[in-house]
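Structural overview
The residues making up each chain are set out below.
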Amino acid sequence: MIMYFSCKAKLQMSNIKLGVEVISAHGLFQRDKQNSCSPFVELKFDNQIFRTTTKPNDPNPVWHESFYFLVSDPSFLSTRTLEAHVFSYQDETDAKPFLGKVRVNGTSFVPRSEAAPFNYPLEKRSVFSRARGELGLRVFITDDPSITPSVSESPRAYIPSPRREHVSSLITDDADERRELKKPITRTFYNATPSVNQQQPATMNYGMHEMRAAAPMPPRVVQYNGPTPPLDFSVKETSPFLGGGQIIGGRVVRGTKRPASGAYDLVEEMRFLFVRVVKARDLPDRDLTGSLDPYVEVKIGNFKGVTRHLDKNSDPEWNQVFAFAKENLQSNVLEIVVKDKDLVLDDYVGTVRFDLHEVQSRVPPDSPLAPEWYRLENKRQEKKKRAEIMLAVWEGTQADEAFGDAVFSDSLTSSDSSDIISANLRSKVYHSPRLWYLRVRIIEAQDVIIVSDKSRLPEAFVRIQMGNQMLKTRVSQRTFHPTWDQEFMFVVAEPFEENLVLSVEDHSEPNRDEPVGKAVIPLAAIEKRTDDKKFRSRWFHLEDSISDAMDEDKAKKVKFATRIHVAAALEGGYHVFDESTYYSSDLRPTAKQLWKPPIGVLELGILDANGLHPVKTRDGKGVSDTYVVAKYGHKWVRSRTVINSLSPKYNEQYTWEVFDPATVLTICVFDNGHFGEGKNRDQTIGKVRIRLSTLQSGRVYTNAYPLLVLQPSGLKKRGELHLAVRFTCTSVSNMLMKYTKPLLPKMHYTQPLSVNLQEVLRVQALNIMVARLGRSEPPLRREVVEYMTDAKTHLFSMRRSKANFYRFTAVFSGVMSVWKWMGEVCSWRTPVTTALVHVLYTMLVMFPEMILPTVFLYMAVIGLWNYRFRPRFPPHMDTKLSYAESVNADELDEEFDIFPTMKAPDIVKMRYDRLRIVAGKIQSVVGDIAAQGERVQALLSWRDPRATAIFVTFCLIIAMVMYITPFKLFALLSGYYFMRHPRLRHRIPSAPLNFFRRLPAMTDSML
């Protein structure tokens, strides 16, 4: 009893409850003598057990009963599991026949506003149990204090009530049960299905252990081919009002109001008040020292923008632009205040006021508004004699040229943060550097003499250095004229700022290398080639140091010294891989002269995000500072950062040229780690990939994509990203011809690179791209580039291994289905089908010229039939395909572990043993496949003389029979024998199969 009250007090410490509405079930397995069942549901969660009422003799029951579990520790909610067991009640016995079970992982628990009914298929409890049908549940999380949790008691004995009315779950012991039968207790249930007039639950304050409900999305759920994902992880179609009109079913329905600018028709038009603060002149001095440190405050309502302050300058020049969203303005007066920066209290200099009703609008492509001089006023609104400030104030949209350089009202937080905002919060467009492959061939060297011991024959090798990349040749034999003839590949980027450094060294001792000389080759001096023709080689003299090697005067002098024979070329015919080929965004070669004309234009509208989860805490409240990065080809785009918003609106539109439809557009959402205290890493919130070949030309796709991220704690949905995408094809013929052209440039086939070399070069290209994009302003940090390009997908993951195995089995599931169907035909399960197959087989044998037309016609019919079920929208991340829903915590911890690992030895040993078990199973499967192939080889290898003699004799007999018997007759008889009736079959294996299984394999020869 004491333990019961202590557990109950611990549960009441948390106000969060897990609500479960048991809706209905259908298609249940009938277990009793009347071929029916009396089902009830038993719910288990966090050591609490509840039960529904019993529905007598009803295989399709309907309950609509709700239960509420107390959550003991919300921090471990994602690791908990809700179990729902369906049993059948029997009056004459205490047994509870099992009808099926459902397990719901904690990662799929959502707030009440997002919860929707879902039919879960009933699973078996064990291999020998039987289960079928589905159970409809609605699972959600709530912290509504008005909802009373259900009472959980001891589950030692229970007799479910067969009454129809809704009663609460009774979990009592024997003594309590007898008291309950004498004195019934009335229970109150809360229906989880909201009515029309029902007030929605209030939004929670998102703290450390609370769930925040995202705004419900009105659009319908997208239907697409493949396994149906959970409703919470589905893509939703939307019908927003964009600049070109409302999007309905992918088409633009234009209204009466024309858009302000046709260039921004994939985003919602946002009106801004732009204020450009250019400069000031003749400002009065305010400090005791006779100097002035001026800055400007731009204020409108509760929003304030601050320029940078300039030290000791009476004629300052700022040239900064501020943008205030019209929908958030709370005042009709704009104030521009000039102040003097001081240590204690800033001094007032002057003010300029504007009435917003008199501000003019500007619509591109009009020229920029010319700034004007305005006389400053004092606090009594009197004009000053000399002090003036140059300003420009106008209304515009995101199509304005000043949009990209403006500081926005939703990014204004501190009084003097203009430098931080300028560096990290603005929207920018980046272009990744053009990458080249550098092929270096080290041929030979002459007169390699060791200065310290000229009589000793050197063991020379060459060390090649290209920036941070370093490789070396093998060590030659002892000779003064070593020869290597080895090729090496590097990745370099334009502009060619670095040099290729060759260092010839002598391997004099095991741990000692003595330098002989160095040669420096500028990249600009290396020839470029676009085909597989031979490139010329050159001799280079070796110098004692790099500075001497770079001296042009010394290089021109004729010398009789050590020299090296090198051939180098910049390969422009390859495509430099900086991302995986499965979702690459560009497949063009490096050399521009090999580029083909574009086949279309890709337009992306980044609209907004909804229901984002807080990433950090600021002023005691969970907030998020998010921005969006999109990559396609060499062009990267970054939206502006929206501060302190869990439902940010971006409404930014970008355009790319498309050269190949078999490419992928990648969009990711990040939380800005530059802003605030400390310099943290930018945290990932989610990723969206859109393959262009899945898009119809000219159609506008407006969808809300769930932002899914896999963390060590499990799969999480961090919100939804609302996008508008349109692919416009400029040449249909060129696009169709692309499907017949090679995927990669010609050099990848005429002079291919090995898989291992491509992976090494991809890592080099990624490091160069990270370094170049990190030097931009604002920079794209390493974690952003690596997440966008999936740089770590090559590392081992047990989850990915299982997912790839299930993908492999799914690929061959069609073959297995055909084999099973053929088995049903041979077993005459459906005589009509078997007869039709006999007729079709007879026709194909008698008229063999009809085989290929029949096959292609059948494939065409299947394709036309599947046209009805074609995906209407671009596919998104499939959590079931990724095996992300049922992965355990240890496998996720192993996947996110660094390389090399820093875990404890016992954990490493456990994972190593688990990997050995998996590898042992794979080893057995590979061995079995090899054994079957060796048995085929043993037919004619005389490894088993009797078996080979039997097979050779059989082949001779069959050959003579085939010479006499017509082939069509032989094919007909063979097919009829294969499809013979089961009465003509034996249960034991056939003679050919027995003969094959007796053939020897090489397994007995292995150690």
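Just so we're clear, the structure is a prediction, and the values are computed from it rather than from any experiment.

About the thresholds
Residues numbered from 1 in each chain as written. Predicted model: local features only at pLDDT ≥ 70, side-chain atom pairs only at ≥ 80, totals over all residues. Heavy atoms only, no water. Helix = DSSP H or I, 4+ residues; strand = E, 2+ residues; numbered from the N terminus. Buried < 20%, exposed > 50% of the residue type's maximum accessible area, 1.4 Å probe, protein only. Contact = heavy atoms within 4.5 Å. Areas by Shrake-Rupley, 256 points an atom, 1.4 Å probe, with all protein chains shown as cover. Phe/Tyr/Trp six-rings, centres within 6.5 Å; stacked < 30°, edge-to-face > 60°. Lys NZ or Arg CZ within 6 Å of the ring centre and 35° of its normal. Core = buried A, V, L, I, M, F, W, Y, C linked by side-chain atoms within 4.5 Å. Pairing = 2+ DSSP bridges. Axes fitted to C-alpha atoms, helices over the stretch in contact; angles between N-to-C directions. 1 Å grid on protein atoms, 1.4 Å probe; cavity = no way out; pocket = protein on both sides within 12 Å on 5 of 7 lines; lining within 4 Å. Points joined across faces, edges and corners; volume = space filled by probe spheres on them. Nonpolar A, V, L, I, M, F, W, Y, C, P; charged D, E, K, R; others polar. Patch = residues over 30% accessible without salt bridge, like charges linked within 9 Å, V, L, I, M, F, W, Y side chains within 5 Å. Salt bridge = Lys/Arg side-chain N within 4 Å of Asp/Glu carboxyl O. Polar contact = N/O pair within 3.5 Å; in protein donor to acceptor, adjacent residues only side chain to side chain. Parallel < 35°, antiparallel > 145°, perpendicular 65-115°, else oblique. Left-handed = near helix turned anticlockwise from the far one by under 90°. pLDDT = per-residue confidence, 0-100.

1. Quick notes on the overall build of the protein
From N to C terminus, the protein includes 18 helices and 41 strands. Across the 1007 residues that make up the protein, the buried fraction comes to 45%. Contacts in the protein between residues far apart in sequence, at least 24 positions, make up 69% of those at least 6 positions apart. Of the roughly 55,300 Å² of accessible surface on the protein, a fraction of 56% belongs to carbon and sulfur atoms.

2. A word on the packing of aromatic side chains
One pass over the structure, following the stated rule, counts 22 aromatic pairs. Relative to phenylalanine 496, the ring of tryptophan 436 has its centre 6.3 Å away and its plane inclined at 70°; by these criteria the two rings are edge-to-face. Residue tryptophan 436 is located in strand E23 (residues 435–446), and its partner phenylalanine 496 is located in the loop between strand E26 (483–493) and strand E27 (499–509); the two are separated by 60 residues in the primary sequence. When its relative accessible area of 4% is taken as the criterion, tryptophan 436 is described as buried. A connected cluster of aromatic rings, assembled from ring pairs, spans Phe45, Phe50, Phe67, Phe69 and Phe109. Over the ring of phenylalanine 98 we find arginine 125; its NZ or CZ atom is 4.2 Å from the centre of that ring. A cation over an aromatic ring shows up here: arginine 588 above the ring of phenylalanine 659, its NZ or CZ 4.0 Å from the ring centre.

3. Quick notes on unusual backbone geometry
Here the bond from glutamate 494 into proline 495 is cis, since omega is -10°, no more than 30 degrees from zero. One can find proline 495 in the loop between E26 and E27. Here glutamate 777 and proline 778 are connected by a cis peptide whose omega angle stands at 0°. A positive phi is found at asparagine 651, a non-glycine position, where the angle reads about 55°. Looking at the secondary structure, you find asparagine 651 in strand E37 (residues 649–658).

4. A few points about the nonpolar core
Here is a general trend for soluble globular proteins: nonpolar side chains tend to be buried in one another's company. Leu602, Leu604, Trp656 and Ile667 are the most contacted members of the largest nonpolar core, which has 35 residues in total. Elements with a contribution of two residues or more to this core: strand E32 (600–610), strand E35 (626–632), E37, strand E38 (664–671), strand E39 (683–691), strand E40 (700–711) and strand E41 (714–729). No other element matches the 5 residues that E41 contributes to this core. Residues within four places of leucine 602 in sequence aside, it is in contact with Tyr632, Tyr654, Thr655, Trp656, Val658, Leu665, Leu692, Leu695, Val725, Arg726 and Phe727.

5. Brief notes about the sheet that holds strand E2 (residues 39–45)
An order of E3-E2-E5-E6 is seen for the 4 strands of this open sheet, with the pairing classed as antiparallel. Both edges of this open sheet fall to strand E3 (48–51) and strand E6 (98–105), since each of them pairs with a single strand only. Each neighbouring strand pair of the sheet contributes to a mean axis angle of 15°, computed without reference to strand direction. Of the strand pairs in this sheet, strand E5 (residues 81–88) and E6 are connected by 7 bridges, and their pairing is antiparallel. Counted as the bridge partner of valine 86 is glycine 100 from E6.

6. Points about empty space enclosed by the protein
Per the stated rule, a full pass over the model turns up 6 cavities of 30 Å³ or more. In this structure, the second largest cavity occupies an estimated 110 Å³ of space. Around the second largest cavity sit Ile521, Ala525, Ile526, Glu527, Arg536, Ser537, Arg538, Phe540, Val566, Ala567 and Ala568, which together line it. Grouping the constituent residues of the lining of the second largest cavity by class yields 7 nonpolar, 1 polar and 3 charged.

7. Re a nonpolar patch on the surface
On the surface, a nonpolar cluster with roughly 720 Å² of combined accessible area is contributed by Ile851, Leu852, Val855, Phe856, Tyr858, Met859 and Ile862. Residue class for valine 855 comes out partly exposed when judged on its relative accessible area of 40%.

8. Observations concerning the side chain of lysine 55
Residue position: lysine 55 is located in the loop between E3 and strand E4 (62–70). A distance of 3.5 Å separates the side chain of lysine 55 from the backbone oxygen of valine 62, its partner in a polar contact.

9. Let's talk about the pairing of strand E24 (residues 460–466)
Extensive coverage of E24 is indicated by the burial of 5 of its 7 residues. Relative to E27, E24 runs antiparallel, the two being bridged by 7 bridges. Its bridge partner lying in E27, phenylalanine 461 is registered against glutamate 505. Hairpin remark: E24 followed by strand E25 (residues 469–472), antiparallel, with 2 residues in the connecting loop; positive phi at glycine 467, about 65°.

10. Remarks on the sheet that holds E41
Taken together, the 5 strands give an open sheet; going across it, the order is E9-E40-E41-E32-E37, and neighbouring strands pair in antiparallel fashion. Of all strands in the sheet, those bounded by a partner on one side alone are strand E9 (236–237) and E37. Summarising the sheet, E32 and E37 pair through 8 bridges and their orientation is antiparallel. Residue pairing across strands places aspartate 608 opposite lysine 649, the latter belonging to E37.

11. A closer look at the side chain of histidine 748
Relative to the elements of secondary structure, histidine 748 occurs in helix H7 (residues 747–750). Overall, the relative accessible area of 7% leaves histidine 748 in the buried class. When neighbours within four sequence positions are excluded, histidine 748 is seen to be in contact with Tyr574, His575, Phe577 and Gln758.

12. Describing helix H9 (residues 782–789)
Because each turn of an α-helix spans 3.6 residues, side chains separated by three or four positions in sequence point in the same direction. Among the 8 residues in H9, 6 count as buried, and that is most of the element. Among the residues of H9, those classed as buried are Glu783, Val784, Val785, Glu786, Met788 and Thr789. Here the buried face of H9 lies against E35, strand E36 (635–638), E38 and helix H8 (755–774). Just downstream of H9, aspartate 790 is the residue with a positive phi angle, here 55°.

13. Focus: the pattern of salt bridges
Per the counting criterion, the structure on display carries 54 salt bridges. Arginine 911 is paired through a salt bridge with aspartate 893; the nearest N and O atoms lie 2.4 Å apart. Pair noted here: arginine 911 is in helix H15 (residues 905–937) and aspartate 893 is in helix H14 (residues 889–895), with a separation of 18 residues, a long-range link. The exposure class assigned to aspartate 893 is partly exposed, which follows from its relative accessible area of 26%. The closest approach of N and O atoms between arginine 943 and aspartate 1004, which form a salt bridge, is 3.2 Å. One end of the pair, arginine 943, is in the loop between H15 and helix H16 (945–964); the other, aspartate 1004, is in the segment after helix H18 (991–997), with 61 residues separating them in the sequence.

14. Focus on the packing of H8 against H9
The N-to-C vectors of H8 and H9 enclose an angle of 135°; their axes lie 9 Å apart at closest approach. Taken as axis vectors, H8 and H9 run oblique relative to one another. The element H8 and its partner H9 pack so that their crossing is right-handed. Where H8 approaches H9, its residues Leu766, Asn767, Met769, Val770 and Leu773 are matched on the opposing element by Arg782, Val785, Glu786 and Thr789. Of the residues belonging to the contact of H8 with H9, the class tally is 5 nonpolar, 2 polar and 2 charged.

15. Overview of the environment of tyrosine 883
Its place among the elements puts tyrosine 883 in the loop between helix H13 (851–866) and H14. On the basis of relative accessibility, which here comes to 19%, the residue tyrosine 883 falls in the buried class. As a C-alpha pair, tyrosine 883 and lysine 802 span 81 residues in sequence and 7.1 Å in three-dimensional space. When near neighbours in sequence (up to four residues on either side) are disregarded, tyrosine 883 contacts Arg799, Lys802, Ala803 and Tyr806.

16. Side note on the confidence of the model for the protein
Summarising the model, the protein shows a mean pLDDT of 82, and 85% of its residues fall at 70 or more. Within the model, the stretch residues 1–13 combines pLDDT values under 50 with 7 contacts to residues more than four positions away or in other chains.

17. With respect to the environment of leucine 471
Structurally, leucine 471 is set in strand E25. When its relative accessible area of 32% is taken as the criterion, leucine 471 is described as partly exposed. Counting along the chain gives 19 residues from leucine 471 to phenylalanine 490, while the straight-line C-alpha distance between them is 9.2 Å. When near neighbours in sequence (up to four residues on either side) are disregarded, leucine 471 contacts Val462, Arg463, Ile464, Phe488, Met489 and Phe490.

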